[in-house]
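# Analysis of the macromolecular model
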Amino acid sequence: MKPKLSIVKIGGNVIENEAELHKFLDFFSELKGAKILVHGGGKLATQIAEQLGITSQMVGGRRITDKESLKVITMVYGGLANKNIVAQLQAKGTNAIGLSGADGNTIQAVKRPVKEIDYGFAGDVEKVNTAAIEKLLKADFTPVFCAITHNKQGQLLNTNADTIASEIAIGMSSVFETTLYYCFEKKGVLLDISDENSVVTHIEPKKYQELLQNNIIADGMLPKLENCFHALNQQVNKVCIGDISMLQPSSTLYTTITL
């Protein structure tokens, strides 16, 4: 029997809301067994960049990471957001350790090739160092990854946090029974976008096709779900999508995705 591992990804809506973050970190601290936290911080990076007089360039919701933006991202993701989370987890009795992909060579990436758009210093994950992360978990540390990787040639790269969470889950599934949690502002995949409680509680491939055909899964939800099935097809046990309350043992209103 493989030991269980929970990998939880939180987005900007949690990080930028102090009360919400505090509540989330309580729930996360109470999770039993080995766990890993992955966070972004895009809105906060944009805000700090503005204060520094640096314009953030976005194309289709994705950031163009030029040299100046990379400096801000490194400061915000790897510093401000990451260390704030780590310090608060320590206060809640979780022995957290803040990491970028460069630390311990945990996540190696390659600079995204230029096609129609040059995303600058954006990274696509190539390799997760399962052995290094396993050592940290065995030593009772809780890794907290920010959305920064490296190319093993001294270059840091801005990398999508959803992808980092999914690639870590895939990498660790050779050693652990992994569950991947995507926390965002909705309670899950909704049948009716105007009804917060119309959650589709279970999606398997057949249901997924049906939801796609009926245009219920569209726009920003599409890449999220593609990521989920990619992880499941690479031995991840299950993926859950919902708001932060899904981490509570009593919670039932969220979406679970399985094969």
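Further up the page is the structure itself.
Residues numbered from 1 in each chain as written. Predicted model: local features only at pLDDT ≥ 70, side-chain atom pairs only at ≥ 80, totals over all residues. Heavy atoms only, no water.

### Observations concerning the overall build of the protein
Inclusion rule: We count a stretch as a helix when DSSP gives it H or I for four or more residues in a row; a strand needs E for two or more, and each element gets its number in order from the N terminus. Throughout, the radius of gyration refers to the C-alpha atoms, and the reference size of a globule is 2.2 Å times the residue count to the power 0.38. We call two residues in contact whenever any of their non-hydrogen atoms come within 4.5 Å of each other. All accessibility values rest on the Shrake-Rupley procedure with a 1.4 Å probe; residue burial counts only the protein chains present in the view. Note that His is not counted, nor are the chain ends; the positive residues are Lys and Arg, and the negative ones are Asp and Glu. Where a charge lies is defined by one atom per residue type: Lys uses NZ, Arg uses CZ, Asp uses CG and Glu uses CD.
A count of helical and extended segments in the protein gives eight helices and 14 strands. Since a compact globule built from 259 residues should have a radius of gyration of about 18 Å, the 18 Å found for the protein is in line with a globular shape. For the protein, the spread of C-alpha atoms along the principal axes amounts to about 45 × 45 × 35 Å. Across the protein, the fraction of contacts at a sequence separation of at least 24, relative to all contacts at a separation of at least 6, is 70%. With an accessible surface of roughly 12300 Å², the protein has 50% of that area assigned to carbon and sulfur atoms. Side-chain charges in the protein split into 26 positive and 27 negative, and the spacing between the mean points of these groups amounts to 6 Å.

### Overview of the nonpolar core
Quick note on the threshold: In plain words, nonpolar cores are sets of buried Ala, Val, Leu, Ile, Met, Phe, Trp, Tyr and Cys residues tied together by side-chain atoms within 4.5 Å. Under the scheme applied here, a residue whose accessible area is under 20% of the maximum for its type counts as buried, over 50% as exposed, and between as partly exposed, the area being computed with a 1.4 Å probe on protein chains only.
Core analysis: the largest hydrophobic core is formed by 50 residues, its most contacted members being Ile36 and Leu225. The element that contributes the greatest number of residues to this core is helix α6 (residues 161-172), accounting for seven residues. Residues contacting Ile36, with those up to four places away along its chain left out, are Leu5, Ser6, Ile7, Val8, Phe28, Ile133, Leu137, Pro143, Phe145, Ile168 and Met172. Membership of the second largest hydrophobic core comes to 24 residues, among which are Val14, Ile85, Val86 and Cys240.

### Notes on the pattern of salt bridges
Cut-off, in case you're wondering: Note on definitions: salt bridges are taken to be side-chain nitrogens of Lys or Arg within 4 Å of carboxyl oxygens of Asp or Glu.
For the structure on display, the rule yields nine salt bridges. A salt bridge links Lys71 to Glu68, with the shortest nitrogen-to-oxygen separation between them at 3.2 Å. On the criterion of helical spacing, the pair formed by Lys71 and Glu68 is a turn pair, its members being three residues apart in helix α4 (residues 67-91). The exposure class of Glu68 is partly exposed, given its relative accessible area of 38%. The salt bridge partner of Glu196 is Lys186, with a shortest N-O separation of 3.8 Å. Here Glu196, found in the loop between β11 (177-183) and β12 (202-203), pairs with Lys186, found in the loop between β11 and β12; they are ten residues apart in sequence, far enough to count as distant. The class of Glu196 is partly exposed, set by a relative accessible area of 32%. By relative accessible area, Lys186 is classed as partly exposed at 26%.

### A few points about α6
Keep this limit in mind: Any helix carries an expected span of 1.5 Å times its number of residues minus one. Polar contact is the term for a pair of N or O atoms within 3.5 Å; when the atoms are in protein, one must be able to donate a hydrogen and the other to accept it, and sequence-neighboring residues count only if both atoms are side-chain atoms.
Across its twelve residues, α6 extends 16 Å between first and last C-alpha, which sits within 8% of the 16 Å expected from 1.5 Å per residue. Between the side-chain oxygen at the start of α6 and the backbone nitrogen of Asp162 there is a gap of 2.9 Å, and the oxygen is on Asn160.

### What about helix α2 (residues 18-30)?
Look at α2: 19 Å from first C-alpha to last across 13 residues, which is about the 18 Å you get at 1.5 Å a residue. Burial in α2 covers these residues: Leu21, Phe24, Leu25, Phe27, Phe28 and Ser29. Next to the buried residues of α2 lie β1 (4-10), α1 (12-15), β2 (34-39), α4, β8 (142-145) and β11.

### Focus: the environment of Thr142
Looking at where Thr142 falls in the secondary structure, it is placed in strand β8. When the C-alpha positions of Thr142 and Ala34 are compared, they lie 7.3 Å apart, and in sequence the two are 108 residues distant.

### Side note on the packing of α2 against α4
Heads up, the rule is: Think of each axis as a best-fit line through the C-alpha atoms, taken over the contacting stretch in the case of a helix, with angles from 0 to 180 degrees between the N-to-C directions. Orientation categories follow fixed angle ranges, with anything under 35 degrees roughly parallel, anything over 145 roughly antiparallel, 65 to 115 roughly perpendicular, and all other angles oblique. Crossings are sorted by hand: turned counterclockwise from the far helix by less than a right angle, the near helix makes the crossing left-handed, and turned clockwise it makes it right-handed. Only Asp, Glu, Lys and Arg are considered charged in this grouping, and only Ala, Val, Leu, Ile, Met, Phe, Trp, Tyr, Cys and Pro are considered nonpolar; every other residue, Gly among them, is considered polar.
Between α2 and α4, the least distance of the axes is 10 Å, while the angle of their chain directions is 55°. The orientation of α2 relative to α4 falls into the category oblique. The crossing of α2 and α4 is right-handed. Taken together, the residues of α4 that come into contact with α2 (itself represented by Leu21, His22, Leu25, Phe28 and Ser29) are Asn84, Ile85, Gln88 and Leu89. Residue classes in the contact of α2 with α4 are distributed as five nonpolar, four polar and no charged.

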